[in-house]
Amino acid sequence: MTSLHLIFSAKGLRSCLGIIQPEDALLLIEDGVYAVLEDSATRLHAIEDDLVARGLQNLHADNVQRIDYSGMVELVARHQPIVSWH
Amino acid sequence: MRFLYLLRRPPYSGSLAAEAIDSILVAGVFDQRVSVLFKDDGVLQLLKDQQGQLLGHRSVNKMLAALPEYEIEELFVCARSLAERALSLDQLSLPVQVLDEVGQQTLIAAQNVVMND
Amino acid sequence: MTRVTIQLDKDGFLVHLTDWNEVTAAELAAAQNIELTEAHWELIHLVRRFYSQFEVSPAMRPLVKQVREQLGEDKANSIYLMQLFPGSPAKLLAKIAGLPRPTNCL
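Let me sum up the structure you'll find in this document. Please read these numbers as outputs of a predicted model, since none were measured by experiment.

**A short note on helix α5 (residues 89-96) of chain C**
Residues and elements named next belong to chain C.
- Burial within α5 is extensive, with 7 of its 8 residues counted as buried.
- Every buried residue of α5 is accounted for by P89, A90, L92, L93, A94, K95 and I96.
- Contacts from the buried residues of α5 go to α1 (22-30), α2 (38-54), α3 (60-71) and α4 (78-84).
- Note on α5: the residue one or two positions beyond its end, G98, has a positive phi of about 75°.

Right, dumping it as structure tokens:
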């Protein structure tokens, strides 16, 4: 299985980008969704409620796929290990 | 099961680093294969000559020195994090293996569980 | 003579590690029905050295490892330690030596 990286901050995203493999999944969560303002190249998932709550729903590029919590559960089930980046 | 502890915090921002080391020692008691990767500010936990008692804390470098006593001997450090802080291995309190980015990818991909501090 | 009161937590560990001395140790041991002998003292001093080196109280496995290195193979087994500190040797030793509980004893 491939890794799922849970990104809790823009700093966390910068740190993990160096060591991800191409098939890994990245999910922006909580304040991690602010990373959409910095990264328009990496393929990312983001929790929709976290984006909308912060007014970011129209500020991200096509690299970001918005998912809900059931989408997150599905991602978690498909990956191992799960790595958190605060 | 393979457990990796990914430590990215500096040693004295609250007691999070010390608590993480406590939990690594617990994992060591349960005969799991445990390794530790120090990355970002986590490499600062390894600096020699800390005096945590001045802050009312346990000295994190002394706690880390207990890892080999618990048979936790796979200790890794991120090459880039050392370079960014102009640190060399002789400034660290424990023997660690330096990993480049590919080495870290391989390490993480081999784990069942990755924990954080 | 002034009788100093020593504070213990709910599990009988010292609240202030600096309260420890050999008299305190004997009293803490007596509360567990243990009379301290030379064999007890060498282990008490061993775990106190461990703590001053690592700032954690040793769990069973590192305790046995240290005993092997410092006191010899004959004593490096849980039966020997259980005879001196019955039940849970690592925990009881830490308590009598005036150290925090080992981290695996939650």
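**Things to note about the arrangement of the chains**
- Most contacts, when the 2 pairs of chains in contact are compared, are made between chains B and C.
- The closest approach of any C-alpha atom in chain A to one in chain C is 24 Å; the two make no contact.

**Topic: the interface of chain C and chain B**
- Each partner contributes residues to the interface: chain C has 16 residues there, and chain B has 17 residues.
- For the pair chain C and chain B, the summed buried area comes to about 1,500 Å², and 51% of that belongs to carbon and sulfur atoms.
- Considering only the side of chain C, the residues that lose the most area to chain B are F54, E55 and R61 of chain C, jointly responsible for 44% of the buried surface there.
- Seen at the junction of chain C and chain B, the total is 4 salt bridges.
- Taken together, the links from chain C to chain B amount to 11 residue pairs in polar contact (both at pLDDT 80 or more).
- Only α2 and α3 of chain C provide two or more residues apiece to the side of chain C that touches chain B.
- No other element matches the 5 residues that α2 of chain C contributes to the side of chain C that touches chain B.
- Looking at the side of chain C that touches chain B, its residues break down into 7 nonpolar, 6 polar and 3 charged.

**Thoughts on the packing of aromatic side chains**
- Under the criterion given, the structure shown has 1 aromatic pair over all chains.
- Taking the ring centre of W20 of chain C as reference, the NZ or CZ of R48 of chain C above it sits at 3.7 Å.

**Quick look at the interface of chain B and chain A**
- Contact residues are listed per partner, giving 15 residues for chain B and 15 residues for chain A.
- Note on chain B versus chain A: buried area summed over both sides is about 1,300 Å², and carbon and sulfur give 50% of it.
- Applying the counting criterion to the chain B and chain A interface returns 0 salt bridges.
- At the junction of chain B and chain A, the tally comes to 5 residue pairs in polar contact (both at pLDDT 80 or more).
- Taken together, the elements giving at least two residues each to the side of chain B that touches chain A come down to α4 (101-109) and β5 (113-116) of chain B.
- Ranked by the residues each element gives to the side of chain B that touches chain A, the list is headed by α4 of chain B, at 5 residues.
- Taken together, the residues of the side of chain B that touches chain A break down into 5 nonpolar, 5 polar and 5 charged.

Definitions and limits used
- Residues numbered from 1 in each chain as written.
- Chains lettered and ligands numbered in written order.
- Predicted model: local features only at pLDDT ≥ 70, side-chain atom pairs only at ≥ 80, totals over all residues.
- Heavy atoms only, no water.
- Buried < 20%, exposed > 50% of the residue type's maximum accessible area, 1.4 Å probe, protein only.
- Helix = DSSP H or I, 4+ residues; strand = E, 2+ residues; numbered from the N terminus.
- Contact = heavy atoms within 4.5 Å.
- Buried area = accessible area lost by both parts, 1.4 Å probe.
- Salt bridge = Lys/Arg side-chain N within 4 Å of Asp/Glu carboxyl O.
- Polar contact = N/O pair within 3.5 Å; in protein donor to acceptor, adjacent residues only side chain to side chain.
- Nonpolar A, V, L, I, M, F, W, Y, C, P; charged D, E, K, R; others polar.
- Phe/Tyr/Trp six-rings, centres within 6.5 Å; stacked < 30°, edge-to-face > 60°.
- Lys NZ or Arg CZ within 6 Å of the ring centre and 35° of its normal.

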